[in-house]
Amino acid sequence: MPLMMARAAGRVDYLSRHGVLAQSVDLLAFLVPSPSQPLVRSIPALSALVDTLTPQSGYVPAYLGAAALLLAVAAAWKVGRRLALWWTLAATGAVLAMGPLLQVRGQVVEQSVADRVGLVVLPGALLTGLPFYDWIRGPDRFGELAMFALAVLAAHGASVVLDAARHRTVQW
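Residues numbered from 1 in each chain as written. Predicted model: local features only at pLDDT ≥ 70, side-chain atom pairs only at ≥ 80, totals over all residues. Heavy atoms only, no water.

Draft legend 1. A look at the overall build of the protein chain. For the protein chain, the count of helices and strands is seven helices and four strands. Secondary structure of the protein chain in N-to-C order comes out as α-α-α-α-α-β-β-β-β-α-α. In the protein chain, buried positions account for 30% of the 172 residues. When contacts within the protein chain are restricted to residue pairs at least 6 apart in sequence, long-range pairs at least 24 apart make up 71% of them. Summed over its atoms, the accessible surface of the protein chain is roughly 11,200 Å², and 65% of this surface lies on carbon and sulfur atoms. (Helix = DSSP H or I, 4+ residues; strand = E, 2+ residues; numbered from the N terminus. Buried < 20%, exposed > 50% of the residue type's maximum accessible area, 1.4 Å probe, protein only. Contact = heavy atoms within 4.5 Å. Areas by Shrake-Rupley, 256 points an atom, 1.4 Å probe, with all protein chains shown as cover.)

Structure follows, in structure tokens:
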């Protein structure tokens with residue numbers, strides 16, 4: 001209760017937002033590793049590609065990982081609907097982590113329909129009006145939900161791959 005009263009009086013500055021878009025995850029950040037990742041830096045061609053796909057400033061790391069994504073797809077292929085809750089959590093976390101507006105390479109995406117240009121608004125825009133939304137300090141925190149759900153899906157995928165390898169026999 002004291003925190004709520006202090007917030008209502010405007011005395012909790014450290015909880016305020018410092019720009020929702022600056023703390024939103026870029027769409028490509030889920031698929032492109034961080035430019036400072038050592039493996040990326042050790043391969044010049046990969047480093048150049050990553051540098052062109054990431055914004056020069058305001059990069060919020062949210063790379064999900066190729067192996068985790070492949071294992072999650074293996075789980076979806078073999079296990080199916082039993083993992084619907086985890087897929088829903090992963091998708092919800094990813095969409096909410098992108099904030100109120102879609103960004104690609106650090107630029108807000110504009111869409112034109114019938115000679116009218118507008119911004120691509122995401123479901124995270126609905127959350128910005130909630131009374132205590134700014135306490136989380138940024139939409140990028142929802143990325144943790146996506147990463148946790150993806151980890152569970154990847155674990156199921158690893159189980160599928162290991163089971164397939166165990167049942168396969170080598171004959172000489």
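So, next bit.
Draft legend 2. Molecular detail of the packing of aromatic side chains. For the coordinates displayed, the defined rule picks out one aromatic pair. A ring pair is formed by tryptophan 86 and phenylalanine 148, whose centres lie 5.7 Å apart and whose planes are at 65°; its orientation type is edge-to-face. Of the two residues, tryptophan 86 sits in helix H5 (residues 84-97) while phenylalanine 148 sits in helix H7 (residues 143-167), which places them 62 residues apart along the sequence. For tryptophan 86, a relative accessible area of 22% translates into the label partly exposed. On the basis of relative accessibility, which here comes to 48%, the residue phenylalanine 148 falls in the partly exposed class. Positioned above the aromatic ring of tryptophan 77, the side-chain terminus of lysine 78 is 5.8 Å from the ring centre. (Phe/Tyr/Trp six-rings, centres within 6.5 Å; stacked < 30°, edge-to-face > 60°. Lys NZ or Arg CZ within 6 Å of the ring centre and 35° of its normal.)

Draft legend 3. The arrangement of the pairing of strand E4 (residues 116-119) in detail. As paired elements, strand E3 (residues 110-113) and E4 share four bridges and run antiparallel to each other. Its bridge partner being in E4, glutamine 111 is matched across the sheet by glycine 118. From the end of E3 to the start of E4, which pair antiparallel, there are two residues, and alanine 114 there has a positive phi angle of about 50°. (Pairing = 2+ DSSP bridges.)

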